[in-house]
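Residues per chain are reported as follows:
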Amino acid sequence: MSTAKRYNLLINPVGLTGAAAQAYTHNVEKHLSWIDGTKVGRLLLKATGWHARNNPGNLVGGSMPIQPYTGGGCNAVVNNATSGPNGWSQPTVTYSPNVFNHGGACHADLKKSSTNRGLYPDELLFHELVHGFRGGSGRFRASTTNGGLVRYTGTEEFIAVLTTNIYISDPSDGSKTGLRRDHQGFTPLEKGFAGPFEFFRSSKNASTLIDQFCRENPSFTKWVSEVKAPFNPIAAYYSDQAKAKKYSEGAVALVRDGEWVELLGKLATGKINL
Ligand SMILES: [Zn+2]
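Residues numbered from 1 in each chain as written. Predicted model: local features only at pLDDT ≥ 70, side-chain atom pairs only at ≥ 80, totals over all residues.

Caption draft 1: Spotlight on the overall build of the protein chain. Helix and strand counts for the protein chain come out as 12 helices and 4 strands. Computed over its C-alpha atoms, the radius of gyration of the protein chain comes to 19 Å, within 12% of the 19 Å expected for a compact globule of 274 residues. Within the protein chain, the proportion of its 274 residues that are buried is 47%. Put simply, of all contacts in the protein chain between residues at least 6 apart along the chain, 67% involve residues at least 24 apart. (Helix = DSSP H or I, 4+ residues; strand = E, 2+ residues; numbered from the N terminus. Rg over C-alpha atoms; globule rule 2.2 N^0.38 Å. Buried ≥ 20, exposed ≤ 12 C-beta atoms within 10 Å, placed from the backbone. Contact = placed C-beta atoms within 7 Å.)

Caption draft 2: Molecular detail of the nonpolar core. In terms of nonpolar packing, the biggest core is built from 57 residues, with L44 and I166 touching the most fellow members. With 8 residues, helix α6 (residues 155–169) is the largest single contributor of residues to this core. Excluding anything up to four places from it in sequence, L44 contacts F126, L129, V130 and F133. (Core = buried A, V, L, I, M, F, W, Y, C linked by C-beta atoms within 7 Å.)

Caption draft 3: Just the sheet that holds strand β4 (residues 88–94), in detail. Taken in spatial order, the 4 strands make up an open sheet running β1-β2-β4-β3, and their pairing is mixed. Taken across any chain shown, the strands that pair with only one partner, and hence form the sheet edges, are β1 (9–11) and β3 (77–83). Here the average twist between neighbouring strands, direction ignored, is 25°. (Pairing = 2+ DSSP bridges. Axes fitted to C-alpha atoms, helices over the stretch in contact; angles between N-to-C directions.)

Caption draft 4: Quick peek at the pairing of β3. Direction of pairing for β3 relative to β4: antiparallel, over a ladder of 6 bridges. Bridge pairing in β4 links V77 to T94. Between the antiparallel neighbours β3 and β4 lie 4 residues, among them G87 with a positive phi of about 150°.

Caption draft 5: Molecular detail of helix α10 (residues 241–248). Of all the residues in α10, the buried ones are A244, Y247 and S248. All buried residues of α10 project into a common sector of 100° when viewed along the axis, lining one side. Its buried side turned inward, α10 meets α7 (204–216), α9 (233–239) and α11 (251–257). (Arc of directions from axis to C-beta.)

Caption draft 6: Up close: the packing of α7 against α10. At a minimum axis distance of 6 Å, the contact between α7 and α10 shows a crossing angle of 145°. Touching K204, A206 and S207 of α7 are A244, K245 and S248, all from α10. Split into classes, the residues belonging to the contact of α7 with α10 amount to 2 nonpolar, 2 polar and 2 charged. (Nonpolar A, V, L, I, M, F, W, Y, C, P; charged D, E, K, R; others polar.)

Structure (structure tokens):
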């Protein structure tokens, strides 16, 4: 059975015919098999398949379509078509392997480690599949992020970039770029945020959003927390929420959030950590 079928994904080469359609299906299937060959990747596919079988109404026709990306630039996107009580659902993943080819929109960024974070084909596809999984679980939220997380654009991009960074950090992923800073471009995550607890310094909202993610997708996040990887803030959160929250309320987070009054108050009382 193909990897796509096993996890209720439907590769649909809309707009392509003949050899081009065959090549599309072959290449997407290949990239899915790379994802399936890693611990975190398999967990995401497993969780997506579970929702497809148990909540088929969250997907059009009961499976999650992956079809060619036809927009501009180095990108791939997910559209969630229906709004429900807990969020958007019915995702369509659009992804085109040929953006990585010579002359393709992602090719130039791929060549340098300073601009390729999260940009290997399986990493970009994994990122979109996180959006798809959130839609498949009826939890996709179109809300924006601000303060220290402003460069993540929104809640869903924060969740997708974070989860993809854990996928990249997973030792069972043998071919990888490195941790990505945020949702603006493909530049490296700064060293001061690249540890499992240190990541919570990104913002007060880092612990709030990770807490929300863990409550909304309890099985998937619990599984991910059990994967041993150098960068796994979800594991850190499950192991010691109080410690994670401390980092999220420290001086670095308050500066990034622009919370000067709170920072000055904490400095005055000496109750502050980095
Ligand atoms: Zn995204």
